[in-house]
Amino acid sequence: MADLRQFEALRAVHAEGSVTAAARRLGWGQPTVDYHLKNLERLVGAPLLVRSPRGSRLTPVGMLLLERAQEILTLSERAIGDAREFSRLGRVRLRFGTFATAAASILPFVADRVGDLGIEIDATFGEVPALVDWINRGALDAALVYSAPGYELPFRPNVETMEVYRDPLMLALPAGHPLASRPSIDLAAVLSLRDERWVFATSEDDAMDRLVVDAFAAEGHVLDVAIRTDDFQVLLGMTAARMVVGIIPSLATTAAHPGIVLRPIHDPSFVRSVLIATPAEDASHRPSPAVRHLVAAVRDGFAAVRERGGASTG
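Residues numbered from 1 in each chain as written. Predicted model: local features only at pLDDT ≥ 70, side-chain atom pairs only at ≥ 80, totals over all residues. Heavy atoms only, no water.

Looking only at helices and strands, the chain has ten helices and eleven strands in total. What you see for the chain is a C-alpha radius of gyration of 27 Å, clearly larger than the 20 Å of a compact globule of 314 residues, by over 25%. With respect to the principal axes defined by its C-alpha atoms, the chain has extents near 85 × 45 × 30 Å. With 314 residues in all, the chain has 45% of them scored as buried. Long-range pairs, those at least 24 residues apart, make up 72% of the contacts in the chain with a sequence separation of at least 6. Of the charged side chains in the chain, 33 are positive and 38 negative, and the gap between their average positions amounts to 7 Å. (Helix = DSSP H or I, 4+ residues; strand = E, 2+ residues; numbered from the N terminus. Rg over C-alpha atoms; globule rule 2.2 N^0.38 Å. Buried < 20%, exposed > 50% of the residue type's maximum accessible area, 1.4 Å probe, protein only. Contact = heavy atoms within 4.5 Å. Lys, Arg positive; Asp, Glu negative; His and termini not counted. Charge placed at Lys NZ, Arg CZ, Asp CG, Glu CD.)

See the structure below:
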């Protein structure tokens, strides 16, 4: 079985360019570095170094092994760091960002679930553009964001995303609207609303709005946007007043709203993809153990939402 010291020796030789310099870097004797490297070569069954008077460099086999060894050493170092933090504080703290409708639906469940594992959540609330920026700058350990299929968020390459929920989109209509009597809405019915006034999010890059705008643009129509707001209660109030129509995610429709009819849109593109984003910590692109526990709790929280029946559609 491989020894972590063998991987440390291989990494040091690659970084320093010689066994002698690697020994100085590690604070070991040169015979100790040679011992670990030779044992590693015996395990692999092939040379890992090309030695010369000018120093040592890794063979192609050595470079392949180094890539895997770096992942193992990084994970090992993170595991020790997590354990030390837990031992010192009794808890591991995660900086977690989320948008409002997800927070209202699952945050208490998630906080309780990971709290039992010694993980404390420092929650930050924001709209998606702010959450993306905070993750890109490393200001958060994880964030819940949303997009739509085919619409990518501007994350940096080192940020990993995982879908944790598919949130169906609903059409919000005033009671008495000609489409309100339909039990469900298809894309053709949505496109028949080209002359209505619409309410959209504050950000023009909102994925739900882009989905609607692009669907109408494909038919040669430009929508009349009456107001922009990130407050779904404003959307519902204006809809009840017969001033606008709009799209609302099912997570935001957990209660009956007088004067409003909510109808599911039966088209696979009309869905909000809820993602958890986290900066990758090493070459393996795997999140930390604490973040993995957080992801599992978020998935379980959304599963509980789904079992409760999701949204009100009346």
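The subject of this paragraph is the pattern of salt bridges. A side chain of one charge can pair with a side chain of the opposite charge if their charged atoms are brought near each other. According to the stated counting rule, one finds twelve salt bridges in the structure shown. Of the charged contacts, one joins R93 and E120 as a salt bridge, the two residues approaching to 3.8 Å between their closest N and O atoms. One end of the pair, R93, is in strand 3 (residues 92–98); the other, E120, is in strand 4 (residues 119–125), and 27 residues separate them in sequence. On the accessibility criterion, R93 (40% relative accessible area) is partly exposed. Relative accessible area serves as the criterion here: at 26%, E120 is assigned to the partly exposed category. Each of R93, E120 and D122 takes part in a single network of salt bridges with overlapping partners. (Salt bridge = Lys/Arg side-chain N within 4 Å of Asp/Glu carboxyl O.)

Our next topic: the packing of helix 2 (residues 19–26) against helix 3 (residues 30–44). Put simply, helix 2 and helix 3 touch, their axes get as near as 8 Å, and they point 105° apart. Relative to helix 3, the element helix 2 lies roughly perpendicular. Contacts between helix 2 and helix 3 involve V19, T20, A23 and L26 from the former and Q30, V33, D34 and L37 from the latter. Classifying every residue of the contact of helix 2 with helix 3 gives five nonpolar, two polar and one charged. (Axes fitted to C-alpha atoms, helices over the stretch in contact; angles between N-to-C directions. Parallel < 35°, antiparallel > 145°, perpendicular 65-115°, else oblique. Nonpolar A, V, L, I, M, F, W, Y, C, P; charged D, E, K, R; others polar.)

On to the packing of aromatic side chains. Under the defined criterion, the tally for this structure stands at four aromatic pairs. Pairing F99 with Y146 gives two aromatic rings, centres 5.0 Å apart and planes at 75°, and the pair type is edge-to-face. Taken as a pair, F99 in the loop between strand 3 and helix 5 (100–115) and Y146 in strand 5 (residues 142–147) lie far apart in primary sequence, 47 residues in all. Geometrically, the ring pair formed by Y165 and F302 is stacked, given 4.5 Å between the ring centres and 10° between the ring planes. Separated by 137 residues along the polypeptide, Y165 in strand 6 (residues 159–174) and F302 in helix 10 (residues 289–307) bring together distant segments of the chain. (Phe/Tyr/Trp six-rings, centres within 6.5 Å; stacked < 30°, edge-to-face > 60°.)

The next point concerns the side chain of T253. Residue placement: T253 occurs in the loop between strand 9 (246–249) and strand 10 (260–264). A polar contact is formed between the side chain of T253 and the backbone oxygen of S250, at a distance of 2.8 Å. (Polar contact = N/O pair within 3.5 Å; in protein donor to acceptor, adjacent residues only side chain to side chain.)

The next subject is the environment of E16. Summarising the element assignment, E16 is placed in helix 1 (residues 4–16). Residue E16 is classed as partly exposed on the basis of its relative accessible area, which comes to 38%. In the structure, E16 is positioned 39 residues away from G55 in sequence and 9.0 Å away in space, judged by C-alpha atoms. Apart from the residues lying within four places of it in its own chain, the contact partners of E16 are A21, A22 and R25. One polar contact links E16 to R25, side chain to side chain, over a distance of 2.9 Å.

Taken together, the nine bridges between strand 6 and strand 11 (residues 271–279) define a ladder with antiparallel strand orientation. Among the inter-strand pairings, T161 is bridged to a residue of strand 11, identified as A277. Note: strand 6 against strand 9, four bridges, orientation antiparallel. By the bridge assignment for strand 9, L169 is matched with P249. As paired strands, strand 6 and strand 10 are joined by five bridges and run antiparallel to one another. For M170, the partnering residue across the bridge sits in strand 10 and is P264. (Pairing = 2+ DSSP bridges.)

The subject of this paragraph is the pairing of strand 5. Within strand 5, six of the six residues are buried, which leaves the element mostly enclosed by the surrounding structure. Both faces of strand 5 are covered, namely the face carrying A142, L144 and Y146 and the face carrying A143, V145 and S147. Pairing geometry for strand 3 and strand 5, over two bridges, is parallel. Residue pairing in the sheet places F96 in a bridge with A142 of strand 5. Looking at chain direction, strand 5 and strand 11 are connected through five bridges and run antiparallel. Paired with V145 across the strands is L275, a residue of strand 11.

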